Amino acid sequence: MHNNIEAVFIPKDTMKRILSWQDGDLYYEITYFSKVTPSELSKKQLVKMAESFN
């Protein structure tokens, strides 16, 4: 991710993907459920989404 922030990508067997990170005192998490969304998201796409928060 940008600003030298490291994120953790957690792939789950339950069709769920999690990207979490800390920025100072704030903690963020994006959780993707493939049962809700018809197409699959990659780790790269989740990181791009997280970078757009700034």
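In the block above lies the structure referred to throughout.
What comes next concerns the included structure. (Residues numbered from 1 in each chain as written. Predicted model: local features only at pLDDT ≥ 70, side-chain atom pairs only at ≥ 80, totals over all residues. Heavy atoms only, no water.)

**Considering the sheet that holds strand β1 (residues 7-11)**
Strands sit in the order β1-β2-β3 across an open sheet of three strands; the sheet is antiparallel. In this open sheet, the two edge strands, each paired with only one partner strand, are β1 and β3 (26-33). Each strand of the sheet is rotated relative to its neighbour by a mean of 15 degrees, with strand direction disregarded. In this fold helix α1 (residues 43-51) packs onto β1, β2 (16-23) and β3, with an angle of close to 40 degrees to the strand it touches most, β2. (Pairing = 2+ DSSP bridges. Helix = DSSP H or I, 4+ residues; strand = E, 2+ residues; numbered from the N terminus. Axes fitted to C-alpha atoms, helices over the stretch in contact; angles between N-to-C directions. Contact = heavy atoms within 4.5 Å.)

**Observations regarding the side chain of S20**
Note on placement: S20 falls in strand β2. Here S20 falls in the buried class, since its relative accessible area comes to 19%. Setting aside its immediate chain neighbours within four residues, S20 contacts A7, V8, Y28 and E29. (Buried < 20%, exposed > 50% of the residue type's maximum accessible area, 1.4 Å probe, protein only.)

**Some points on a nonpolar patch on the surface**
Taken together, the side chains of L26, Y28, M49 and F53 present a nonpolar region at the surface, about 370 Å² in accessible area. Here Y28 shows up in strand β3. Among the residues examined, Y28 registers a relative accessible area of 30% and is labelled partly exposed. (Patch = residues over 30% accessible without salt bridge, like charges linked within 9 Å, V, L, I, M, F, W, Y side chains within 5 Å. Areas by Shrake-Rupley, 256 points an atom, 1.4 Å probe, with all protein chains shown as cover. Salt bridge = Lys/Arg side-chain N within 4 Å of Asp/Glu carboxyl O.)

**Structural notes on α1**
Within α1, burial applies to L46, V47 and A50. Down the axis of α1, the buried set is contained in an arc of 100 degrees. They therefore lie on one face. Residues K44 and K48 are exposed on α1 and point more than 90 degrees away from its buried face. Against β1, β2 and β3 lie the buried residues of α1. (Arc of directions from axis to C-beta.)

Don't take any of this as a statement about function, it's just geometry.
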